[in-house]
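Spelled out from the first residue to the last, the chains are:
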Amino acid sequence: MPDERIPFATHADQTVLGADEIILNMGPQHPSTHGVLRVKLRLDGEKVIGSECVIGYLHRGVEKIAEHRTYTQFAPYVDRMDYVAAVSNGLGYCEAVEKLLGAEAPPRARVIRTILTELQRIASHLFWLGTHALDIGALTPLFYCLREREEILKIFEKFCGARLTTHAFRIGGLQYEAYDELEKDVERFCTPFDKRVDEYESLLTENRIWVGRTKGIGILTAKEAIDYGASGPVLRASGVKWDIRKAMPYAAYDQYKFEIPTGKNGDTYDRYIVRMEEMRQSRLICLQAIENIPAGPIMGKVGKVLKPPPGEVYHAIEAPKGELGYYIISDGTTQPYRVRIRPPSLINLEAFDKMIRGHLVADVVAIIGTLDIVLGEVDR
Amino acid sequence: MLMNVLHFVISIWVPLVCAVIIVAVLPLVAGYIVLMERKVMADMQARLGPMRVGPHGLLQPIADAVKLLIKEDIIPDDADKLIFWFAPLISVTAAMLAMSALAIGPWFQIAELNIGLLFIVGISALGIFGIVLGGWSSNSHYSLLGALRSAAQLVSYETAAGMAIVGGLLLAGTLSTREIIEAQNDYGVWFAFAAPVGFFIYIVASIAETNRAPFDLPEAESELVAGYMTEYSGFRWALYFLAEYTNMVVVASIATTLFLGGWLRPFAGTPAFNFLDFFPSLLMLVIGAYCFYRAPKQPVKVQSLFMIAVGLLIILAAIILAVPLIPAVGTMLPGLKPGLHGAFWFLLKAGLYIYLFMWLRFTFPRYRFDQLMRLGWQFLIPLSIVNVMGIGLALVLHRHWGWGHLQAFGLTTLLTLAAAGYLGWAGEKKDKEHVFVGEA
């Protein structure tokens, strides 16, 4: 019996050779579904004619937990969503609560936040590049990427003591003053980093096999991308010039000059090129920011006990994976009434079925990789 | 009388000893090729690789083998048990049998067959049955897809590899491995230089034949988990692994025999390069000295001692390789030098060929199945046919029209390269016409 839950199921006589379809279960334990994503594939030979993503294996009820924690207590939880880019998650949450409080972080805190968030974007993209290349069969770039990511994680460790789930920021600013060598460390990392990106590109960008595996795979036109609500590099690779850092500046992004790279065809190759260029742009932002870190306090005027006035707020930031939004309702107590998180990974994953249909099994891993999903964020 | 007895003993016992050596030593060799691969991979990826078991991980293959032997042997409930049990044996038998006709140095050969190369190619192609049957009998979708990919890939690339071999055979005029190498001695150049395009085709096709990256689709770990081996565990899995690495040795040996002059020293016919005779001993000495240099730096005393033992063994090999160079020994036992040094050069060339495999594996992403097929049928097979015709033309020009080797082979190589350029251009044009839109 064909599984009716898979949309647009075709029947045996509609396959090319009139053979039976195969239903292939990829995941939740599979080397390249990036965690615990389960994909049910409907195959005609090796051709994918339908797919369904089964998610929820990593569901921890983060949004529900928020309702039983104070605003401050909940902050570390958001680091566990997109654990590859914990700093960005924290920034979004802190700024959303600040907006709700009507407070603002002082300029020094905002600049340091910007530096760390951009480093986190580089780290996240590096990890994406390594695993994406590994999925497509290139073993070596992963180790080069991790080598550079390690340097970023060391900076995080020096700054706040943690490498992965950092909880680097506090609501209202920063808890700790930046350590003395921060500028030097960031400069030491950023100055040679564009050569490192060139190195990755020399392995992949003009490699015939890489181009063959990514060009024309998983095409998403600009209209489709907008219709699916895609954001981040997935949207920009389709040619839509939309970046929240420019459109609705937060932290200190309005002070710096940077480009928004966009693609043309919206295929896997364009998404690769866009992300590579974003790493170079993030490097430029970091270099601009360390030139002039304003002196002054690091904590804004927020009380010890946070009691925002009743009301609601939506605040979105440009996380490495796309638009990360926090919608918080306050009822005037110390605990949020409701926290709703807009995870970019989940909403980008919606387009998976559209992108994979008609491609081959080998392209499944390429498309999962190019969407840059983190299951912690998809399931929350 | 004495000579007759000696001849009889040699004709019976040498092949037998060689066979025992192959069956007993080849698993070990395969294990150490794995170690070499991990070390090469680590080197290219800015890390160290195995370092724990023995100094620099030198005992890692043995630890792995013991682990695989004592692992639980799991057979899936729904598997076709007899075939599941039998399939890895087919693969490993075929791979080992193919070694029997190879000549590693003028002494070391189990069977001197007049159809040597044909036998090797035919027998090693049987290994595909093990893969297809194993994949089918596992009763798993991943295994089945892996087995089907493997069958299609083998059929396609066996053709191209076969045609590339035909090119070499035309030059040699014989199928016997021994005579092929002697023919290269007569020509004065290795066939890799007389037919570079054929050599290139053989490199590509042999990578595909042994299921190595970038053509490792049957076991693409990021797509099909482990392809046809997904349901195998323990020693049965180890047998597939052994077959894969033995196949690598086989194709490297074929390439060495046919294209790289087999056991011949580089510039074997030129007395000016006779100083290369010292190269084997010197290389071994350098490696041995490096072992001694590393020995005090080992973390544990046992490891230091082991390292010294390894260094001593390598220096012993250096001395053995140096013995035939003593003039008195050379006149007393004239067969000693070609035997020992031939084996050294053969293994060195085969090792470099395997190193090339590894290098490619860590550099390139994986092909997709349709791209693999397109490369095979639209590029390699037509090109290999053109290559055979080109070599035929060169031989006619040389033998009947009196052209020199350089002119004849230079001209035909250029013609073949032109054909390759045309095929590449036409293939690219065709690709552009069939843009994959991504719609069912």
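Residues numbered from 1 in each chain as written. Chains lettered and ligands numbered in written order. Predicted model: local features only at pLDDT ≥ 70, side-chain atom pairs only at ≥ 80, totals over all residues. Heavy atoms only, no water.

Caption draft 1: Representation of the overall build of chain B within the structure. A tally of regular secondary structure across chain B gives 15 helices and zero strands. For chain B, the proportion of its 440 residues judged to be buried stands at 49%. Counting contacts in chain B only where the partners sit at least 6 residues apart, residues at least 24 apart contribute 75% of the total. Of the roughly 20900 Å² of accessible surface on chain B, 75% is carried by carbon and sulfur atoms. Between the centroid of the 25 positive side chains of chain B and the centroid of its 26 negative side chains there is a distance of 9 Å. (Helix = DSSP H or I, 4+ residues; strand = E, 2+ residues; numbered from the N terminus. Buried < 20%, exposed > 50% of the residue type's maximum accessible area, 1.4 Å probe, protein only. Contact = heavy atoms within 4.5 Å. Areas by Shrake-Rupley, 256 points an atom, 1.4 Å probe, with all protein chains shown as cover. Lys, Arg positive; Asp, Glu negative; His and termini not counted. Charge placed at Lys NZ, Arg CZ, Asp CG, Glu CD.)

Caption draft 2: View of the sheet that holds strand E2 (residues 38-44) of chain A. Read from one edge of the open sheet, three strands run E1-E2-E3 (chain A), paired in antiparallel fashion. In this open sheet, the two edge strands, each paired with only one partner strand, are strand E1 (22-26) and strand E3 (47-54) of chain A. The mean angle between the axes of side-by-side strands here comes to 20°, regardless of whether they run parallel or antiparallel. Strand contacts of helix H5 (residues 141-172) of chain B: E1 and E2 of chain A, with the helix running at about 110° to E1 of chain A, the strand carrying the most contacts. (Pairing = 2+ DSSP bridges. Axes fitted to C-alpha atoms, helices over the stretch in contact; angles between N-to-C directions.)

Caption draft 3: Layout of the sheet that holds strand E7 (residues 322-330) of chain A. Residues and elements named next belong to chain A. If you walk across this open sheet you meet the three strands as E6-E7-E8, and the pairing is antiparallel. Each having just a single partner strand, strand E6 (311-319) and strand E8 (336-342) make up the two edges of the open sheet. The mean angle between the axes of side-by-side strands here comes to 15°, regardless of whether they run parallel or antiparallel. Sheet topology places E6 next to E7; nine bridges connect them, and they run antiparallel. Pairing of His315 across the sheet is with Tyr326, part of E7. Along the sheet, helix H2 (residues 71-79) contacts E7 and E8; its crossing angle with E7, the most-contacted strand, is approximately 160°. Helix-sheet contacts for helix H3 (residues 86-101) involve E6 and E7, and the interaxial angle to E6 is about 150°.

Caption draft 4: View of the interface of chain B and chain A. In this complex, chain B contributes 31 residues to the contact, which on the side of chain A involves 42 residues. Counting across the interface, chain B meets chain A through one salt bridge. Asp363 of chain A serves as the salt-bridge partner of Arg368 of chain B, at 3.2 Å between the closest nitrogen and oxygen. The tally of links between chain B and chain A comes to eight residue pairs in polar contact (both at pLDDT 80 or more). (Salt bridge = Lys/Arg side-chain N within 4 Å of Asp/Glu carboxyl O. Polar contact = N/O pair within 3.5 Å; in protein donor to acceptor, adjacent residues only side chain to side chain.)

Caption draft 5: Representation of the packing of helix H4 (residues 116-137) of chain B against helix H9 (residues 234-259) of chain B. Residue and element names in this part refer to chain B. It is at 11 Å that the axes of H4 and H9 come closest, and there the two elements cross at 155°. Here H9 runs roughly antiparallel to H4, going by the angle between their axes. With respect to the hand of their crossing, H4 and H9 are arranged in left-handed fashion. Residue-level inspection shows Leu117, Ile120, Val121, Ser124, Gly130, Ile131 and Gly134 of H4 in contact with H9, the latter providing Tyr240, Asn247, Val250, Ile254 and Leu258. The residue inventory of the contact of H4 with H9, partitioned by class, reads eight nonpolar, four polar and no charged. (Parallel < 35°, antiparallel > 145°, perpendicular 65-115°, else oblique. Left-handed = near helix turned anticlockwise from the far one by under 90°. Nonpolar A, V, L, I, M, F, W, Y, C, P; charged D, E, K, R; others polar.)

Caption draft 6: Representation of the pairing of E7 of chain A in the model. Residue and element names in this part refer to chain A. Burial within E7 is extensive, with seven of its nine residues counted as buried. Hairpin geometry of E6 and E7 is characterised by an intervening segment of two residues between the two adjacent antiparallel strands. When E7 meets E8, the two strands line up antiparallel, connected through six bridges. Note on E8: the bridge partner recorded for Ile328 is Val339. Counting the residues in the hairpin turn of E7 and E8 gives five residues, including Gly332, whose phi is positive at 90°.

Caption draft 7: Region of the structure containing the packing of aromatic side chains. Residues and elements named next belong to chain B. Using the criterion set out here, one finds 27 aromatic pairs over all chains in the structure. When the ring of Phe279 is compared with that of Phe344, the centres are 6.5 Å apart and the planes differ by 65°; the resulting orientation is edge-to-face. Residue Phe279 is found in helix H10 (residues 279-294), and its partner Phe344 is found in helix H13 (residues 336-363); the two are separated by 65 residues along the sequence. Taking the relative accessible area as the measure of exposure, Phe344 reaches 9% and is therefore buried. (Phe/Tyr/Trp six-rings, centres within 6.5 Å; stacked < 30°, edge-to-face > 60°.)

Caption draft 8: Structural view of the pairing of E3 of chain A. Judged from the seven bridges that link them, E2 of chain A and E3 of chain A form a sheet pairing that is antiparallel. Paired with Val39 of chain A across the two strands is Cys53 of chain A, which belongs to E3 of chain A.

Caption draft 9: Quick look at the environment of Arg42 of chain A. When you line up the elements, Arg42 of chain A lands in strand E2. Sequence spacing of Arg42 of chain A and Glu21 of chain A is 21 residues, and the spatial spacing of their C-alpha atoms is 6.7 Å.

Caption draft 10: Expanded view of the pattern of salt bridges. Residue and element names in this part refer to chain A. Going through the model one piece at a time under the given rule, you end up with 37 salt bridges over all chains. Across the salt bridge formed by Arg147 and Glu199, the nearest N and O atoms sit 3.7 Å from each other. Remark: Glu199 occurs in helix H7 (residues 193-204) and Arg147 occurs in helix H5 (residues 141-160); sequence separation between them is 52 residues. Arg147 gets classed as partly exposed once you look at its relative accessible area, which sits at 31%. Look at the salt bridges and you will find they share partners, linking Glu118, Arg121, Arg236, Asp243, Arg245, Glu278 and Glu318 into a network.

Caption draft 11: Focus on the environment of Phe409 of chain B. All names here are of chain B. When you line up the elements, Phe409 lands in helix H15 (residues 405-433). The class for Phe409 is buried, based on a relative accessible area of 7%. It is 45 Å that separates the C-alpha atoms of Phe409 and Leu48, two residues lying 361 residues apart in sequence. Look past the residues within four positions of Phe409 in its chain and what remains in contact with it is Leu171, Tyr187, Ala194, Ala394 and Leu395.

Caption draft 12: How the structure looks around the confidence of the model for chain A. Scored by pLDDT, chain A comes out at a mean of 85, with 95% of its residues at no less than 70. Predicted confidence for residues 1-13 of chain A stays below pLDDT 50, and this span has 26 contacts to residues more than four positions away or in other chains. (pLDDT = per-residue confidence, 0-100.)

Caption draft 13: Inspection of H9 of chain B at higher detail. Residue and element names in this part refer to chain B. Helix length check: H9, at 26 residues, gives a terminal C-alpha distance of 37 Å against a target of 38 Å (1.5 Å per residue), a fit within 8%. A large share of H9 lies buried, amounting to 23 of its 26 residues. Gly261, located one to two residues past H9, shows a positive phi value of around 75°. (Expected span 1.5 Å × (residues − 1).)

Caption draft 14: Here's a closer look at helix H3 (residues 81-98) of chain B. A rise of 1.5 Å per residue sets the reference length of H3 of chain B, with its 18 residues, at 26 Å; its end C-alpha atoms lie 27 Å apart and thus fit the reference within 8%. Within H3 of chain B, burial applies to Phe84, Ala87, Pro88, Ile90, Ser91, Val92, Ala94, Ala95, Met96 and Ala98 of chain B.

Caption draft 15: How the structure looks around the side chain of Thr140 of chain A. Within the secondary structure, Thr140 of chain A is located in the loop between helix H4 (107-136) and H5. Here Gln45 of chain B takes part through its side chain, which lies 3.5 Å from a polar atom of the side chain of Thr140 of chain A. Of note is the side chain of Thr140 of chain A, whose polar atom sits 2.4 Å from the backbone oxygen of Phe362 of chain B. In contact with Thr140 of chain A, other than residues within four places in its own chain, are Met44, Gln45 and Phe362 of chain B.

Caption draft 16: Representation of the side chain of Asp243 of chain A in the model. Mapped onto the secondary structure, Asp243 of chain A falls in the loop between helix H10 (233-237) and helix H11 (244-247). There is a polar contact of 2.8 Å between the side chain of Asp243 of chain A and the side chain of Arg245 of chain A.

Caption draft 17: Quick peek at the nonpolar core. Ranked by internal contacts, the top residues of the largest apolar core, which has 88 residues, are Leu171 and Tyr202 of chain B. If you tally residues by element for this core, the top one is H9 of chain B, at 13 residues. Not counting chain neighbours up to four residues away, the residues in contact with Tyr202 of chain B comprise Ala161, Ala164, Ile165, Val251, Ile254, Ala255, Phe259 and Tyr353 of chain B. Grouped together as the second largest cluster of nonpolar side chains are 82 residues, Ala109, Leu182, Tyr272 and Ile328 of chain A included. (Core = buried A, V, L, I, M, F, W, Y, C linked by side-chain atoms within 4.5 Å.)

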